[in-house]
Amino acid sequence: MTQAVPDALAPPPGNPRFPLVDGLRAIAAMSVVVFHIAGATFFTLSHPFGGYAARLNVGVTLFFVISGFLLYRPYLAARFGGPPAPRLREYARRRALRILPAYWVALLVLGLAADLAFNGHVWVYALLLQGYRLEWVLGGIGPAWSLSIEVAFYAALPLFALVLARLERGRPRATMIRIEGTGLALVYVGALAVRTLAFHAAGGQAALHTTLLGTADWFAGGMALALASVVLQDRERSSTLARIVIDRPWLPWTLAGVLFFIVSTRLGIQNGFIPVYTGRQWLAQQVLFGLIGVLVAAPAIFSGERRGVVRGLLGHRLVAWIGLISYGVFLWHDPVLVTWVRPHTIGWAHPFFGTLAVTMPVAIAFGAASYYVVERPALRLKDRRSRRPAGPTSAD
């Protein structure tokens, strides 16, 4: 059974809800938490399964795929005969209310209580600009560098949608689909090209991986799922791939598992918290992470009537609830881990498992507090002019 959540998280009026996406958020958030714990306790370097833990930062990829899907779909639906596209003012207000109040509260409280490092530039972290200089990236709330990429995506998406809408205006449906596919392919290939060129220009150092230019391919994966969802709406059975995902949701997850095995054990990537890459490893991880994100997300998007183990997991009430509060978990877990938990578990016989056992429930508690005290009141302002019945939802 899925978790019923407040109307404040509902998608734009007239657009469908995807309740299983909350389960995806839970997976993404838990992956990031375990990744940081494994790095902090040196599990990635000392344990036979360390290579798998070292690649759990793929949770960030899944977050980006989710954003690409949920935020681009209403624009696509409008062009393909659905409800009107979000107005820019409404879109901007919804995005700001989704991200900023909880982030600013966490930044203020943790800045005072956890002595966060701001490198003399508090304004950089307050405005989510830390992703644009490598020396700023891990300051403030460490994992929040990815939020600076999210905000850049929020800003770029309406412009991308406007350009595509003008190119498609008055054209047949088949031509519109080709234009969309071409546009997304250009974003995907362009991001990989820019990322690769920047890597080599920087002498083999990781470059542009904390900006939208270096990660747009992951958003493009989610946007491609949005295109498939809109084009195939109410006729998923006409597509062989969609039918396979609907009838055999375990299959894309199995393929994702195989790719995760490859990227974790067969590419030779170092297992340190900040590994050193070769050019081949740099590109291969990026591509494989994107494919994993799309494959994991697909069963939540093309869900059909059949449940099974995969959709049963994604729709479980506890999993859906963790997905609901996942933003707060994401914001609070790393400072909690570094400042309050890890100093007390250094000498433990099994520091990874002990640190995990302490950090996870504490992070979930902080995430719940963030959601119920800060996020939900702010989210209620997102659609203050409309009144829709509450129900299960997964809108970002």
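Values in this document were obtained by computation on a predicted structure and should not be read as measured data.

Further remarks concern the overall build of the chain. Helix and strand counts for the chain come out as 16 helices and zero strands. A compact globule built from 396 residues would reach a C-alpha radius of gyration of about 21 Å, and the chain, at 20 Å, matches this within 12%. Seen along its three principal axes, the alpha-carbon backbone of the chain occupies a region of about 65 × 45 × 45 Å. Expressed as a percentage of its 396 residues, the buried residues of the chain come to 55%. With an accessible surface of roughly 17,300 Å², the chain has 68% of that area assigned to carbon and sulfur atoms. Distance from the positive charge centre (36 side chains) to the negative charge centre (17 side chains) of the chain: 4 Å.

Looking at helix H10 (residues 240-247), one finds that the buried residues are Ala242, Val245, Ile246 and Asp247. For H10, the elements touching its buried residues are helix H11 (250-265), helix H12 (279-301) and helix H13 (308-314).

As a further point, take the packing of helix H15 (residues 326-345) against helix H16 (residues 351-379). Where H15 meets H16, the axes come as close as 7 Å, and the angle between the chain directions of the two elements is 140 degrees. The angle between H15 and H16 places the two elements in the oblique class. Remark: the crossing between H15 and H16 carries right-handed chirality. Contacts between H15 and H16 pair Tyr327, Gly328, Val329, Trp332, His333, Val336, Leu337, Val341, Arg342 and Thr345 from the former with Pro351, Thr355, Val358, Thr359, Val362, Ala363, Ile364, Phe366, Gly367, Ser370 and Glu375 from the latter.

Taken together, the side chains of Val105, Leu108, Val109 and Leu112 make up a nonpolar region of the molecular surface, amounting to roughly 380 Å² of accessible area. Note that Val109 resides in helix H5 (residues 88-113). Residue Val109 is classed as partly exposed on the basis of its relative accessible area of 36%.

Among the nonpolar cores identified, the biggest contains 117 residues, and Tyr72, Tyr103, Leu147, Ile292 and Leu331 are the most heavily contacted of them. For this core, the element with the highest residue contribution is helix H4 (residues 58-79), accounting for 14 residues. When sequence neighbours within four positions are dropped, the list of residues in contact with Ile292 reads Val58, Ala256, Leu259, Phe260 and Val263.

Quick look at unusual backbone geometry now. Its identity as a non-glycine residue notwithstanding, Leu128 has a phi of 55 degrees, on the positive side. Residue placement: Leu128 occurs in the loop between helix H6 (122-126) and helix H7 (145-168). Accessibility expressed as a relative area gives 2% for Leu128, which makes it buried. Its identity is not glycine, yet Asp234 carries a phi of approximately 70 degrees, on the positive side. In this structure, Asp234 sits in the loop between helix H9 (216-231) and H10.

Glancing now at the packing of aromatic side chains. By the definition in use, this model includes 20 aromatic pairs. Ring geometry for Trp218 and Phe289: centres 6.4 Å apart, planes at 40 degrees, overall tilted. Taken together, the positions of Trp218 in helix H9 and Phe289 in helix H12 put the pair 71 residues apart, joining distant regions of the chain. This pair shows no difference in class: Trp218 is buried, exactly as Phe289 is. The rings of Phe64, Phe153, Trp218, Phe219 and Phe289 are connected pair by pair, giving a single aromatic cluster.

Moving on: the side chain of Ser146. Residue placement: Ser146 occurs in helix H7. Judged by its relative accessible area of 4%, Ser146 falls in the buried class. A polar side-chain atom of Ser146 sits 3.1 Å from the main-chain carbonyl oxygen of Pro143. Among residues more than four places away in sequence, those in contact with Ser146 are Val60, Phe64 and Phe330.

Working definition: two side chains of opposite charge can pair if their charged atoms are close together. According to the stated counting rule, one finds seven salt bridges in the structure shown. With its nearest N and O atoms 3.1 Å apart, the salt bridge here joins Glu168 to Arg79. Linking Glu168 in helix H7 with Arg79 in helix H4, this pair joins segments that are 89 residues apart in sequence. Residue Glu90 pairs with Arg93 through a salt bridge whose shortest N-O separation is 2.7 Å. Residue Glu90 and its partner Arg93 are both found in helix H5; the two are separated by three residues, about one turn of the helix. Under the relative-accessibility criterion, Arg93 is labelled buried at 16%.

This brings us to H11. Taking 1.5 Å of rise per residue, the 16 residues of H11 would be expected to cover 22 Å, and the 22 Å separating its terminal C-alpha atoms lies within 8% of that figure. Looking only at H11, the buried set comprises Pro252, Ala256, Leu259, Phe260, Val263 and Ser264. The arc that holds every buried residue of H11, seen down its axis, measures 130 degrees, which confines them to one face.

This next bit is on the environment of Pro143. Note on placement: Pro143 falls in the loop between H6 and H7. With 128 residues separating them in the primary sequence, Pro143 and Asn271 have C-alpha atoms 18 Å apart. For Pro143, the contacting residues outside a window of four places in its chain are His36, Phe330, His333 and Asp334.

Conventions we followed
- Residues numbered from 1 in each chain as written.
- Predicted model: local features only at pLDDT ≥ 70, side-chain atom pairs only at ≥ 80, totals over all residues.
- Heavy atoms only, no water.
- Helix = DSSP H or I, 4+ residues; strand = E, 2+ residues; numbered from the N terminus.
- Rg over C-alpha atoms; globule rule 2.2 N^0.38 Å.
- Buried < 20%, exposed > 50% of the residue type's maximum accessible area, 1.4 Å probe, protein only.
- Areas by Shrake-Rupley, 256 points an atom, 1.4 Å probe, with all protein chains shown as cover.
- Lys, Arg positive; Asp, Glu negative; His and termini not counted.
- Charge placed at Lys NZ, Arg CZ, Asp CG, Glu CD.
- Contact = heavy atoms within 4.5 Å.
- Axes fitted to C-alpha atoms, helices over the stretch in contact; angles between N-to-C directions.
- Parallel < 35°, antiparallel > 145°, perpendicular 65-115°, else oblique.
- Left-handed = near helix turned anticlockwise from the far one by under 90°.
- Patch = residues over 30% accessible without salt bridge, like charges linked within 9 Å, V, L, I, M, F, W, Y side chains within 5 Å.
- Salt bridge = Lys/Arg side-chain N within 4 Å of Asp/Glu carboxyl O.
- Core = buried A, V, L, I, M, F, W, Y, C linked by side-chain atoms within 4.5 Å.
- Phe/Tyr/Trp six-rings, centres within 6.5 Å; stacked < 30°, edge-to-face > 60°.
- Polar contact = N/O pair within 3.5 Å; in protein donor to acceptor, adjacent residues only side chain to side chain.
- Expected span 1.5 Å × (residues − 1).
- Arc of directions from axis to C-beta.

Bear in mind that shape data such as this cannot, by itself, settle questions of function.
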